[in-house]
Amino acid sequence: MRLKAIIQYDGTFFSGYQVQPNGRTVQGVIEKVLTKMHKGNHVRVTASGRTDQGVHAVGQVLHFDTELEIPSENWLRALNTMLPDDVEVVSITEVPDDFHARYDVSEKEYRYYILNAQEKNLFRRHYTHFVEGELDLEAMYEASQHFLGSHDFSSFCAANSNVKGDKVRTITDITVNQEENDIIVRVRGTGFLYNMVRIIVGTLIDIGLGKREPEEITEIIAAQDRSKAGKTAPPQGLYLWEVSYDKKS
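Residues numbered from 1 in each chain as written. Predicted model: local features only at pLDDT ≥ 70, side-chain atom pairs only at ≥ 80, totals over all residues. Heavy atoms only, no water.

Trainee: Teacher, can you tell me more about the packing of aromatic side chains here?
Mentor: The final tally for this structure, using the stated rule, is nine aromatic pairs. For the ring pair F64 and W75, a centre distance of 5.5 Å and an interplane angle of 65 degrees mean the geometry is edge-to-face. One end of the pair, F64, is in strand β3 (residues 56-65); the other, W75, is in helix α2 (residues 72-82), and 11 residues separate them in sequence. As far as the burial class goes, F64 and W75 line up, both buried. (Phe/Tyr/Trp six-rings, centres within 6.5 Å; stacked < 30°, edge-to-face > 60°. Helix = DSSP H or I, 4+ residues; strand = E, 2+ residues; numbered from the N terminus. Buried < 20%, exposed > 50% of the residue type's maximum accessible area, 1.4 Å probe, protein only.)

What follows is the structure in structure tokens.
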């Protein structure tokens, strides 16, 4: 049978989600636990997408196939007992055999946390991006609305990306809100390019600091040139928040 799991993880001490030869990865630790449960038979997990080193997840989704007949609540208990403290399975359910954690995604939501204060917070350095200068929230929100809809986001894709096909993506919702000293950029869309959210945030920070004007976003998008956008915001402020699917899941 095929199982769908929603997991969360602290990306601080991972080399990213995807298995790699030299590095501790989220996929690697999960597959190691599942393989042990399956008496040495390797179990491969497929996620909704990869996350980079230092990036966190609140609602990452993955699927895997198993012949073990274990109730869902027992799966949850067994996995969380064996997984390290920085990974947790939130839920696990049986899904149709044709469900695919990656290809069936309808939308994803990312959130980026900016600590906008006069002083750094030592205990939040792995979970927020500290920006010292006061950010203009209204300007950032005004700028963010230019991202809505379908555009060629070449200007907001890492230059070393090997994306095949066009770079048109659709953003369905984007907000910029403040909670005490945190400014939270929430981006929801049907798909994202490599580093797209972090480059969007880096550009919005420039606008918040008065280095750019909100209306420049349309020009940057039209240029389809990575050098026209802002810096890539660091990974630790980014969270894969939610992954949505159609009725199949």
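Trainee: Is there a simple way to think about the side chain of T12 in this case?
Mentor: Mapped onto the elements, T12 comes out in the loop between β1 (2-9) and α1 (26-37). Of note is the side chain of T12, whose polar atom sits 2.6 Å from the side chain of D10. Beyond its immediate sequence surroundings of up to four residues, T12 is in contact with G54, H56, H126 and Y127. (Polar contact = N/O pair within 3.5 Å; in protein donor to acceptor, adjacent residues only side chain to side chain. Contact = heavy atoms within 4.5 Å.)

Trainee: Could you clarify how one ought to interpret the layout of surface pockets in this entry?
Mentor: One simple way to see leftover space: roll a probe sized like a water molecule over the atoms. Approximately 1,300 Å³ is the volume found for the largest pocket. Considering the residues around the largest pocket, the lining is formed by 40 residues, among which G49, R50, R102, K108 and F192 are closest to the centre. Within the residue set of the lining of the largest pocket, elements represented by two or more residues are β2 (46-47), β5 (105-116) and α4 (196-208). Its residues assigned to classes, the lining of the largest pocket shows 15 nonpolar, 17 polar and eight charged. Reported here for the second largest pocket is a volume of approximately 220 Å³. Lining the second largest pocket, in full, are H129, F130, V131, G202, I205, D206, L209, K211, K231, T232, A233 and P234. Breaking the lining of the second largest pocket down by element, the ones donating at least two residues are β6 (129-131) and α4. A class-by-class count of the residues in the lining of the second largest pocket yields six nonpolar, three polar and three charged. (1 Å grid on protein atoms, 1.4 Å probe; cavity = no way out; pocket = protein on both sides within 12 Å on 5 of 7 lines; lining within 4 Å. Points joined across faces, edges and corners; volume = space filled by probe spheres on them. Nonpolar A, V, L, I, M, F, W, Y, C, P; charged D, E, K, R; others polar.)

Trainee: Even after reading the chapter, I still don't get the nonpolar core, so can you show me in this structure?
Mentor: Where a protein is soluble and globular, its nonpolar side chains tend to be buried together. Formed by 67 residues in total, the largest nonpolar core has its most connected members in I30, I114, F147 and F156. The greatest single-element share of this core, amounting to eight residues, is contributed by α4. Those residues within four positions of F156 in sequence are excluded, and the remaining contacts are F147, Y194, N195, M196, I199, I200, T203, I220, I221 and A229. (Core = buried A, V, L, I, M, F, W, Y, C linked by side-chain atoms within 4.5 Å.)

Trainee: Help me understand the pairing of β3 in this model?
Mentor: Remark: a regular strand shows side chains that alternate across the two faces of the sheet. Here β3 lies mainly inside the structure; eight of its 10 residues are buried. Sheet topology note: the β1/β3 ladder contains seven bridges and is antiparallel. Bridge pairing links A5 to L62 in β3. Pairing of β2 with β3 involves two bridges; the strand directions are antiparallel. Across the sheet, the residue bridging to A47 is L62, located in β3. Relative to strand β10 (residues 238-245), β3 runs parallel, the two sharing two bridges. (Pairing = 2+ DSSP bridges.)

Trainee: Could you clarify how one ought to interpret unusual backbone geometry in this entry?
Mentor: The phi dihedral of E180 is positive, around 55 degrees, even though this residue is not glycine. Its relative accessible area of 73% is what places E180 among the exposed residues. Even without being glycine, Q224 reaches a positive phi, approximately 50 degrees. Residue placement: Q224 occurs in the loop between α5 (216-223) and β10.

Scope: geometric values only; no functional claims are made or implied.
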